[in-house]
Amino acid sequence: MEQQETDQQIIDRVLRDGRRAYYARLVERYGQRLFAFVATMVTRREDAEELAQDCFVKAYRQLSQYDARRSSFYTWLRCIAYRLCLDHVRQDTVVWLETDEQTLQAIPDDEADSVMDTDDDRRIRLLTEAISRLPPTERLLVQQHYFEQQPLTDIAEVTDTDAGTLATRLHRIRKKLYQYIKLKEHGR
């Protein structure tokens, strides 16, 4: 049985031999995961497919700049995808879930912190709706941390943000989600 090549072995072969067929192995290995990552930041499936493809093309062109000592290949891909998605969503005109700071400050921390812990079907539906209305970077942070259980240190590397800053953002996001759910539960 043939042992599966590591990412670095494949990258070395692509760089040494210049054959795209080797790179296709990496696309096959990470294509679905990268698409799922991108899809958390963009609203249309077609855009997510195009951005994931653009990411692989950009990574191929910059393959000689990849440094395995700094991050895994997939983390490097996510960094590229994150920046491409940011450029894309800056052009998006969707109205996102926003709230003022004073309102957020008034929400008790323990109530806001419990917003992600529910098994009530109606609350889950409202939470899903609220998450979909978050700005793309916030939606990505929630998706990566709570649903894919990525450590904040990994997300920090991809987004080029301090993990402590991300923890603060998550706290603020939970308050926004809590506020949205409470408003919907009271018919607003």
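Described below are features of the structure shown in this document.

1. A word on the overall build of the protein chain
So, step 1. The helix and strand inventory of the protein chain stands at ten helices and zero strands.
So, step 2. When the helices and strands of the protein chain are listed from N to C terminus, the series reads α-α-α-α-α-α-α-α-α-α.
So, step 3. Projected onto its principal axes, the C-alpha positions of the protein chain cover 65 × 35 × 30 Å.
So, step 4. Relative to its 188 residues, the protein chain shows a buried fraction of 43%.
So, step 5. The contacts of the protein chain with a sequence gap of at least 6 include a subset with a gap of at least 24, amounting to 71%.

2. Topic: helix 8 (residues 136–147)
So, step 1. Helix length check: helix 8, at twelve residues, gives a terminal C-alpha distance of 15 Å against a target of 16 Å (1.5 Å per residue), a fit within 8%.
So, step 2. Within helix 8, the full set of buried residues consists of Pro136, Glu138, Arg139, Leu140, Leu141, Val142 and Gln144.
So, step 3. Taken together, the buried residues of helix 8 touch helix 2 (20–39), helix 4 (73–89), helix 7 (121–132), helix 9 (152–159) and helix 10 (163–185).
So, step 4. Trailing helix 8 by a residue or two, Gln149 shows a phi angle of about 50°, which is positive.

3. Some words on the packing of aromatic side chains
So, step 1. Enumeration according to the criterion identifies six aromatic pairs in this entry.
So, step 2. Summarising the aromatic geometry, the rings of Tyr66 and Trp76 are spaced 5.3 Å apart at their centres and angled 55° between planes, so their arrangement reads as tilted. One end of the pair, Tyr66, is in the loop between helix 3 (45–61) and helix 4; the other, Trp76, is in helix 4, and ten residues separate them in sequence. For the pair shown, Tyr66 and Trp76 are each scored as buried.
So, step 3. Through pairs of rings, three or more aromatic residues link up here, namely Tyr30, Tyr66, Phe73, Tyr74 and Trp76.
So, step 4. The ring of Tyr74 carries Arg33 above its face, with NZ or CZ at 3.9 Å from the centroid.

4. Re the nonpolar core
So, step 1. Tyr23, Leu34, Phe37, Val38, Phe73 and Leu77 are the most contacted members of the largest nonpolar core, which totals 34 residues.
So, step 2. Listing elements by their share of this core, those giving two or more residues are helix 1 (7–17), helix 2, helix 3 and helix 4.
So, step 3. The greatest single-element share of this core, amounting to twelve residues, is contributed by helix 4.
So, step 4. By size, the runner-up hydrophobic cluster in this structure holds 22 residues, among which are Leu104, Leu126, Tyr180 and Ile181.

5. Let's talk about the environment of Lys175
So, step 1. Among the structural elements, Lys175 can be located in helix 10.
So, step 2. Residues Lys175 and Thr103, 72 residues apart in the sequence, show an inter-C-alpha distance of 9.2 Å.
So, step 3. For Lys175, the residues in contact, after removing those within four places along its chain, are Leu104, Gln105, Ile107, Asp109 and Ala112.

6. Side note on unusual backbone geometry
So, step 1. One non-glycine residue, Gln149, adopts positive backbone phi at about 50°.
So, step 2. Within the secondary structure, Gln149 sits in the loop between helix 8 and helix 9.
So, step 3. Of note, the phi angle at Asp160 is positive, near 55°, even though the residue is not glycine.
So, step 4. Among the structural elements, Asp160 can be located in the loop between helix 9 and helix 10.

7. Examining the side chain of Gln144
So, step 1. Position of Gln144 among the secondary structure elements: in helix 8.
So, step 2. Within polar-contact distance, the side chain of Gln144 engages the side chain of Glu148 at 3.0 Å.
So, step 3. Apart from residues lying up to four places away in sequence, Gln144 is in contact with Phe37, Arg78, Gln149, Gln150 and Ile155.

8. Some thoughts on the pattern of salt bridges
So, step 1. This structure, assessed with the given rule, holds eleven salt bridges.
So, step 2. For Arg13, the salt bridge goes to Glu5, with nearest N and O atoms at 3.0 Å.
So, step 3. Between Glu129 and Lys184 there is a salt bridge, with its nearest N and O atoms 3.8 Å apart. Of this pair, Glu129 sits in helix 7 while Lys184 sits in helix 10, placing them 55 residues apart in sequence.
So, step 4. Among the charged side chains, a salt-bridge network with shared partners connects Glu5, Arg13 and Arg25.

Thresholds applied
- Residues numbered from 1 in each chain as written.
- Predicted model: local features only at pLDDT ≥ 70, side-chain atom pairs only at ≥ 80, totals over all residues.
- Heavy atoms only, no water.
- Helix = DSSP H or I, 4+ residues; strand = E, 2+ residues; numbered from the N terminus.
- Buried < 20%, exposed > 50% of the residue type's maximum accessible area, 1.4 Å probe, protein only.
- Contact = heavy atoms within 4.5 Å.
- Expected span 1.5 Å × (residues − 1).
- Phe/Tyr/Trp six-rings, centres within 6.5 Å; stacked < 30°, edge-to-face > 60°.
- Lys NZ or Arg CZ within 6 Å of the ring centre and 35° of its normal.
- Core = buried A, V, L, I, M, F, W, Y, C linked by side-chain atoms within 4.5 Å.
- Polar contact = N/O pair within 3.5 Å; in protein donor to acceptor, adjacent residues only side chain to side chain.
- Salt bridge = Lys/Arg side-chain N within 4 Å of Asp/Glu carboxyl O.

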